[in-house]
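Remarks on the overall topology
Here are the chains, one letter per residue:
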Amino acid sequence: MRKFIPLKSIYAFVAVAETGSMTDAADVLSVSHSAISQAIKSLEGQLGLPLFQRVGRRVELNRNGRKYYRQVAPALEQIVEAGESLQQQNQQRITLNMVNSLALHWWIPRVPEFQAMAPQIDIRISTLTHVFDLDKEGVDVALIHGRPDDWKNYHCEKLGDDELILVCSPRLLSESTANTPEQLLLHHSPVFVTNPRRQNDWHLWCQANQYRVPAQQRNLCFTTSAHAVQATLRGLGVLVTHRLFVRDDIRQGLLAEVGPAVLNPQQAYFLVCHRDKLKQESVMTLRAWLRIEFSQLSE
């Protein structure tokens, strides 16, 4: 079986050959002088030939060394270029986390726009909802709908406020004279989202508008906002939800917003990532695009 030469020995050999000094080669590779010396001795031992000769305080390739360098240096350059190419390719792929409702109702409608703006970037969506470790979950950037206190170990940048609104199918408005929040709540059932992140939505909205929180109805309580929005689109009742979850549905006339919006004091939208990710060109592009999108929320 062929005995392979360790790549670190090749790196050391090329570095010494190109710098003419074991000390300088050690600086280039960020290792100790003794590590370079041992690597060269190991390489010469495996080849059974000396590769360098000392000239004063410097070392130069001998005849064998020059012949070996002509063959090895281009091969090492190819290895380095292959690694850089793969790394660059991976840097164009971003795993972006956001809650499912944002992914369905906000991100997916904007995929063509983002793709046209940054065709080289490949966004992969994950939909984790709890506070998590970005590294362990393989997430590069998270679009958080929550609180910054949960993300103190990361770069956490506020993108925009969160607003709670009352929505219903336009059909409910056209079929009766109920066109105010109070009238809608008298004539139509409330749709509730019961998971811990959304269970206070009705309470916060009613408190701000000085309404009594309606009672939950059978068959109209859902664990996800996505399901609650679908029930509302079908005219099953009225829903207090987050503006960004239904903004496009309102613009397209699929849902109607009734009454004033309420600023959510418990949640906002944040971009979360490791600080070193901000040096990555693809992440910087995504960050700039998100800033623009969120700056248009009030328009």
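For the structure itself, consult the block above.
Residues numbered from 1 in each chain as written. Predicted model: local features only at pLDDT ≥ 70, side-chain atom pairs only at ≥ 80, totals over all residues. Heavy atoms only, no water.

Describing the pattern of salt bridges
Selection rule: A pair is scored as a salt bridge if a Lys or Arg side-chain nitrogen falls within 4 Å of a carboxyl oxygen belonging to Asp or Glu. Helix and strand definitions here come from DSSP, where helices need a minimum of 4 consecutive H or I residues and strands a minimum of 2 consecutive E residues; each element is numbered from the N-terminal end. Relative accessibility decides the category of a residue: with a 1.4 Å probe and only protein chains considered, values under 20% of the type maximum give buried, values over 50% give exposed, and everything between is partly exposed.
Applying the stated rule across the entire model yields 10 salt bridges. As a salt-bridge pair, R93 and D122 come within 3.4 Å of each other at their nearest N and O atoms. Here the residue R93 occupies a position in strand β3 (residues 93–97), and D122 occupies one in strand β4 (residues 122–126), the gap between them amounting to 29 residues. Overall, R93 belongs to the partly exposed group, its relative accessible area being 39%. Residue E163 is joined to R243 by a salt bridge in which the shortest nitrogen-to-oxygen separation is 2.6 Å. Placement of E163 in strand β6 (residues 155–168) and of R243 in helix α11 (residues 243–251) is noted, with a sequence separation of 80 residues between them. When salt bridges with common partners are traced through the structure, they connect R93, D122 and R124 into a single cluster.

Details of the nonpolar core
Applicable threshold: We call a set of buried Ala, Val, Leu, Ile, Met, Phe, Trp, Tyr and Cys residues a nonpolar core when their side-chain atoms join them within 4.5 Å. Contact between two residues is taken to exist if any of their heavy atoms lie within 4.5 Å; hydrogens are not considered.
L102, W106, L286 and F294 are the most contacted members of the largest nonpolar core, which totals 39 residues. Apart from the residues lying within four places of it in its own chain, the contact partners of F294 are W106, L143, L159, G160, L244 and Y269. Residues I10, V59, V72 and L76 belong to the second largest nonpolar core, which totals 20 residues.

Some remarks on the environment of V258
Mapped onto the fold, V258 is located in strand β10 (residues 256–273). Its relative accessible area of 5% is what places V258 among the buried residues. Expressed as a C-alpha distance, the spacing of V258 and P181, which sit 77 residues apart in the sequence, is 6.1 Å. Excluding residues that lie within four positions of it along the chain, V258 makes contacts with L166, C168, L173, N179, T180, P181 and L184.

Quick notes on the side chain of S126
Worth spelling out the cut-off: For the purposes of these results, a polar contact is taken to be a pair of N or O atoms within 3.5 Å, where, inside protein, one atom must be able to donate a hydrogen and its partner to accept one; residues adjacent in sequence count only when each atom of the pair is a side-chain atom.
Take S126: it is sitting in strand β4. For S126, the side chain forms a polar contact with the side chain of N97, separated by 2.6 Å. Ignoring sequence-local partners within four residues, the contact set of S126 consists of T95, L96, N97, M98 and V139.

Describing the environment of L43
Residue placement: L43 occurs in helix α3 (residues 33–47). In the structure, L43 is positioned 234 residues away from K277 in sequence and 38 Å away in space, judged by C-alpha atoms.

Considerations on the sheet that holds strand β5 (residues 141–146)
Consider a sheet: its strands pair through backbone hydrogen bonds, and that pairing is either parallel or antiparallel. Definition in use: The pairing criterion for strands is at least two bridges between them, as found by DSSP.
Here eight strands make up an open sheet; going across it, the order is β4-β3-β5-β10-β6-β9-β7-β8 and the pairing mixed. Each edge of the sheet is formed by a strand with only one pairing partner; in this case those strands are β4 and β8 (221–222). Note: β6 against strand β9 (residues 238–242), four bridges, orientation antiparallel. Among the inter-strand pairings, L166 is bridged to a residue of β9, identified as V240.

Details of helix α5 (residues 100–117)
The test is simple: Between the first and last residue of a helix there are one fewer steps than residues, each counted as 1.5 Å, and that sum is the expected span. Think of it this way: the bend at a residue is just the angle between two axes, each fitted to seven residues, one set ending at that residue and the other starting at it.
Over its 18 residues, α5 runs 24 Å from end to end, which matches the ideal 26 Å to within 8%, given 1.5 Å per residue. Along α5, the sharpest kink reaches roughly 50°, centred on V111 and followed within four residues by the proline P112. Among all positions of α5, only S101, L102, A103, H105, W106, W107, R110 and F114 are buried. In the core, the buried residues of α5 are packed alongside β4, β5, α10 (225–233), α11, β10 and α12 (281–295).

These values are about where atoms sit, not about what they do.
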